[in-house]
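Now for the letters of each chain:
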Amino acid sequence: MPSNQSPLGALPSRFRRQRILVIGCGDVALRVVRQATAGVRWLALTSSPERLGPLRAAGITPLVGNLDQSAGLRRLAGLGHRLLYLAPPPTDGRTDPRASSLARALRRRSGLQSAVYGSTTGVYGDCGGDWVDERRPVMPQTPRAQRRVYAEAVMRIWGKATGTPVSVLRIPGIYAPDREGGTPEARLQKGTPVLRQEDDVYTNHIHADDLARACWRALWKAPAQRVFNISDDTQLKMGDYFDLAAGIYGLPKPPRIARDSAGSVLPVMLLSFMSESRRIDNCRMKAELGVRLRFPDVADGLRG
């Protein structure tokens, strides 16, 4: 492959030298930058002075600012042709004032050519293990998911008001061996229990590199105001997932417990994940974004 060609495919000449503004330039966004076609200028908002050097080293122009300080966001309007928004909401409440502040700031100038917002499959709530595609109504059952539903609405309303094609990516658990905390190995070493088979729930995952690929394709290919489930092809219940990982890492399988005793053993956050079961349908991602998963099976992804 020529050095100037991305593994995601060559960028059409009419799109070259475009500026992509990144809000939330963490691990996934950096993977997008590394995989992307040459000829794009990257700009990223950061509130951490210690990140200025690493961002520049990655070929990204840092913009000092904070989503929690709306006055400093005004200068973002008009800086980019496309927007990749991967920053999380605040950790409390049922709304996302960060998304609202960003949308207000960006409305000061005309719309972008595209925007991608990274949400969560948690917006669907508990689906009783059913297959879930993008047509299913959202039914968030935790404040964490409600904040995401709010942010999705903010970004889509902003897109319609400004003529910006907005795509929403609903993302399950992100993993990768080279991602901090990106595998279940540490949890297995602690011996944290999982639910017994009859109480267990389905779990869904996406490798960080495949997610980066989906983000990039959505920036260029997604239709306006479209929602995409971004998930691999694996169908596993949570306990089976940890059993699989234990075999890969040569560790003992986690103990199994009944749901009615889990509340006294497991943290509240972990218990909330064990209260929702769904199988995520990724057909639209493949058909409309043309994403070809490098790691369609979580077992291959965990092995690296």
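The rules behind each value
Residues numbered from 1 in each chain as written. Predicted model: local features only at pLDDT ≥ 70, side-chain atom pairs only at ≥ 80, totals over all residues. Heavy atoms only, no water. Buried < 20%, exposed > 50% of the residue type's maximum accessible area, 1.4 Å probe, protein only. Helix = DSSP H or I, 4+ residues; strand = E, 2+ residues; numbered from the N terminus. Contact = heavy atoms within 4.5 Å. Polar contact = N/O pair within 3.5 Å; in protein donor to acceptor, adjacent residues only side chain to side chain. Phe/Tyr/Trp six-rings, centres within 6.5 Å; stacked < 30°, edge-to-face > 60°.

## A closer look at helix 3 (residues 97-106)
Most of helix 3 is tucked away, with eight of its ten residues classed as buried. Looking at helix 3, one finds that the buried residues are Arg98, Ala99, Ser100, Ser101, Leu102, Ala103, Ala105 and Leu106. The elements touched by buried residues of helix 3 are strand 1 (19-23), strand 4 (82-85) and helix 4 (143-162). With a side-chain oxygen positioned 3.0 Å from the backbone nitrogen of arginine 98, the residue opening helix 3 is aspartate 96.

## A short note on the packing of aromatic side chains
Considering all chains together, one arrives at four aromatic pairs under this definition. Centre to centre, the rings of tyrosine 241 and phenylalanine 242 are 5.2 Å apart; their planes meet at 70 degrees, and the pair counts as edge-to-face. Given the relative accessible area of 6%, tyrosine 241 is considered buried. We classify phenylalanine 242 as buried; its relative accessible area is 6%.

## Topic: the environment of glutamate 288
Tracing the backbone shows glutamate 288 in helix 10 (residues 283-289). Spatially, the C-alpha atom of glutamate 288 lies 9.1 Å from that of phenylalanine 228, the residues being 60 residues apart in sequence. Those residues in contact with glutamate 288, other than ones at most four positions away along the chain, are Lys221, Pro223, Arg226 and Phe228. Of the polar contacts made by the side chain of glutamate 288, one reaches the side chain of arginine 226; its length is 2.6 Å.

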